[in-house]
Amino acid sequence: MSVVFDQLSRTFSEFLLLPNLTSVDCTPDKVQLDSPMVRFKKEEESPLRLNIPFTSAIMQAVSDDKMAIALARNGGLSFIYGSQPVERQAEMVHRVKSYKAGFVPSDSNLTPDHTLADILDLKEQTGHSTVAITDDGSPDGKLLGLVTSRDYRISRLSTDTKIRDFMTPMDQIIYAEAGVSLTEANDIIWEHKLNQLPVIDKDGHLLALVFRKDYDDHKENPLELLDSHKRLLCGAGINTRDYKERVPALVEAGADVLCMDSSDGFSEWQRDCLAWIHKNYGSSVYVGAGNVVDAEGFNYLAEAGADFIKIGIGGGSICITREQKGIGCGQASAVMAVAKARDAWLEKTGEYIPICSDGGIVYDYHMALALAMGADFLMFGRYFARFDEAPGRLISLKGSYVKEYWGEGSNRARNWQRYDAGGKGGRMAFEEGVDSYVPYAGPLKENVRASLAKIKATMVSCGSISIPEFQRKARLVVVSPTSIVEGGAHDVIRKENELR
Ligand code: IMP
């Protein structure tokens with residue numbers, strides 16, 4: 001006879017937090033949102049911590065190098081998607097690790113033989129008005145000149161004029177050499193009243209551009225997530241098939257933490273992958289495992305040596321696993337069950353294994369609920385897919401801007417390793433995800449700032465200024481369907497609706 005649990009499996013929208021006493025010194029500016037990321041001994045510190053409890057999903061439509069840079073600059077961490085060739089994924093990790101704030105690789109490059117028309121086309125595509133002119137038109141070719149909007153007047157210059165005839169040539173350009181610090185570069189910019197400063201190596205090849213407008217940028221990112229060499233932290237997804245090739249390449253590229261990406265992580269494949277990594281790298285490489293939804297799954301992966309454990313089956317916005325396979329669990333119930341197992345593990349072994357709630361976050365208040373229920377950090381796909389920095393295309397659809405967002409189990413991504421059931425493999429027998437659009441929401445920074453402000457406000461209402469305190473003090477209630485209706489604006493005619 002199969003086991004049938006008495007308890008319903010529930011999701012975030014079915015819960016609310018009750019307020020606790022807020023003391024006068026419990027204010028949003030005091031709230032700290034840093035959180036442990038990998039296994040550590042009681043009384044010690046986790047060797048890897050997040051400055052904000054946000055990570056971005058291991059997905060093609062979410063986590064490339066651009067997203068990883070933007071998120072780490074704001075205190076969180078991306079796991080670069082693994083459903084791509086090993087070299088390409090390692091190259092993305094490398095780009096994040098070699099990113100230097102203020103030093104921008106040139107994204108608009110042409111040769112002297114291109115024309116004004118090419119400049120105008122490029123400007124249209126990138127929105128940038130500085131074009132580096134290199135011998136081969138590549139971002140790291142030999143720098144021969146620069147073109148900015150000061151170099152041409154469209155009304156006076158024919159569009160077929162060659163760039164060599166109107167660019168500012170090298171002998172009139174002030175530049176800096178490799179090794180220049182950002183402070184030195186900014187001093188040169190201010191001294192010579194420049195808008196941009198090219199940085200070149202000893203052979204004259206372009207390395208980067210420093211822009212005047214980025215001067216104060218680093219001051220705006222006080223939560224930047226950095227390693228001991230002041231490089232941004234970067235994670236990467238792996239699978240249980242090609243890890244013997246993928247892991248060495250990612251470690252070599254500088255990945256700080258890896259995570260097995262699977263829709264069902266309660267498997268011997270994950271145990272074997274963890275064992276191989278520990279045998280070859282000891283404890284120098286951190287690896288997360290999952291996804292699981294209960295104590296059984298948690299204990300298995302904890303036993304197998306996972307550094308953190310990810311929770312969530314079937315709750316993702318693009319996910320159809322529950323419909324296709326009938327496997328999964330309401331995300332809130334899963335987080336609470338796994339948090340209980342994590343605490344029991346701590347009690348038993350003296351080791352704390354951080355847990356991550358992955359998928360199913362719809363409203364910002366769900367983030368606070370997931371943390372209150374015991375998650376140490378969160379992973380989002382849909383949330384980040386809406387931002388400028390996400391890889392999906394921006395499209396105008398029926399008068400609104402949307403971005404593309406597709407599941408790893410959709411036919412578009414074809415990440416069969418994530419849905420691998422063993423055996424010969426190599427193909428997906430059926431889809432477990434959809435291809436979709438999400439409403440475009442603008443830059444990551446402003447959105448993350450707004451979400452964090454809401455989490456802090458919730459924590460303050462619950463009388464807490466740190467995540468562990470919030471978890472200790474939180475009191476949750478299950479809400480009835482009618483009280484959910486009561487929670488929104490009701491029985492009024494909303495002005496925005498009337499105007500629509
Ligand atoms: P979201 O934040 O609700 O959009 O959920 C994102 C999470 O859904 C990811 O981190 C994955 O765990 C999961 N996921 C990604 N692609 C698929 C898919 O195609 N099917 C099912 N789950 C997926």
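The coordinates are above.
Note that the structure is predicted; figures quoted are calculated from it, not measured.

The rules behind each value
- Residues numbered from 1 in each chain as written.
- Predicted model: local features only at pLDDT ≥ 70, side-chain atom pairs only at ≥ 80, totals over all residues.
- Heavy atoms only, no water.
- Pairing = 2+ DSSP bridges.
- Helix = DSSP H or I, 4+ residues; strand = E, 2+ residues; numbered from the N terminus.
- Axes fitted to C-alpha atoms, helices over the stretch in contact; angles between N-to-C directions.
- Contact = heavy atoms within 4.5 Å.
- Near = heavy atom within 4 Å.
- Polar contact = N/O pair within 3.5 Å; in protein donor to acceptor, adjacent residues only side chain to side chain.
- Areas by Shrake-Rupley, 256 points an atom, 1.4 Å probe, with all protein chains shown as cover.
- Core = buried A, V, L, I, M, F, W, Y, C linked by side-chain atoms within 4.5 Å.
- Buried < 20%, exposed > 50% of the residue type's maximum accessible area, 1.4 Å probe, protein only.
- Phe/Tyr/Trp six-rings, centres within 6.5 Å; stacked < 30°, edge-to-face > 60°.
- Lys NZ or Arg CZ within 6 Å of the ring centre and 35° of its normal.

### Observations concerning the sheet that holds strand β6 (residues 77-80)
- Pairing is parallel around the closed barrel formed by eight strands, whose spatial order is β5-β6-β14-β15-β16-β17-β19-β20. The average angle at which neighbouring strand axes cross in this sheet is 30 degrees, direction not considered.
- Against the sheet, helix α1 (residues 65-73) engages β5 (54-56) and β6, with an angle of about 165 degrees to β6.

### Side note on the site of the ligand
- Taken together, 24 residues form the shell around the ligand, and within it S317, D358, Y405, G409 and E432 come nearest.
- Here an oxygen atom of the ligand and a backbone polar atom of G360 are 2.9 Å apart.
- Between the ligand and E408, the relevant distance is 2.9 Å, taken from a nitrogen atom to a main-chain nitrogen or oxygen of the residue.
- A total of 510 Å² of accessible area belongs to the ligand in isolation, and the protein chains cover 96% of it.

### Concerning the nonpolar core
- The biggest cluster of nonpolar side chains holds 109 residues, and the ones touching the most others in it are M37, F54, F79, I238, L258, F298 and F384.
- With seven residues, helix α9 (residues 331-349) is the single largest residue contributor to this core.

### Looking at the sheet that holds strand β13 (residues 206-211)
- Strand order in this open sheet of three strands is β11-β12-β13, and the pairing throughout is mixed. For this open sheet the edge positions go to β11 (176-177) and β13, each flanked by a neighbour on one side alone.
- When strand β12 (residues 196-200) meets β13, the two strands line up antiparallel, connected through five bridges. Within β13, the residue paired with Q196 across the bridge is F211.
- Packing against the sheet, helix α4 (residues 182-191) makes contact with β11, β12 and β13, and its axis sits at approximately 65 degrees to β13.

### A few points about the packing of aromatic side chains
- Inspection of the entire model under this criterion finds 17 aromatic pairs.
- Ring geometry for F40 versus Y352: centroids 5.2 Å apart, planes at 35 degrees, classification tilted. Placement of F40 in strand β3 (residues 40-41) and of Y352 in strand β18 (residues 351-352) is noted, with a sequence separation of 312 residues between them. Residue F40 shares its accessibility class with Y352, and that shared class is buried.
- Ring centres of Y401 and Y440 lie 6.5 Å apart, and the angle between their planes is 75 degrees; on these two criteria the pair is classed as edge-to-face. In this pair, Y401 is assigned in strand β22 (residues 400-406) and Y440 in the loop between β23 (435-439) and α12 (444-461), connecting sequence segments 39 residues apart.
- Aromatic rings pair up to connect F54, F380, Y383, F384 and F387 into one cluster.
- Here K100 stacks its cationic end above the ring of F103, 4.6 Å away from the centre of that ring.

### Focus: the environment of W190
- Summarising the element assignment, W190 is placed in helix α4.
- Of the residues examined, W190 reaches a relative accessible area of 47% and is grouped as partly exposed.

### Description of the side chain of N447
- By the secondary structure assignment, N447 is in helix α12.
- Of the residues examined, N447 reaches a relative accessible area of 18% and is grouped as buried.
- With residues near it in sequence (within four places) discarded, N447 still touches Y383, F387, A441 and G442.

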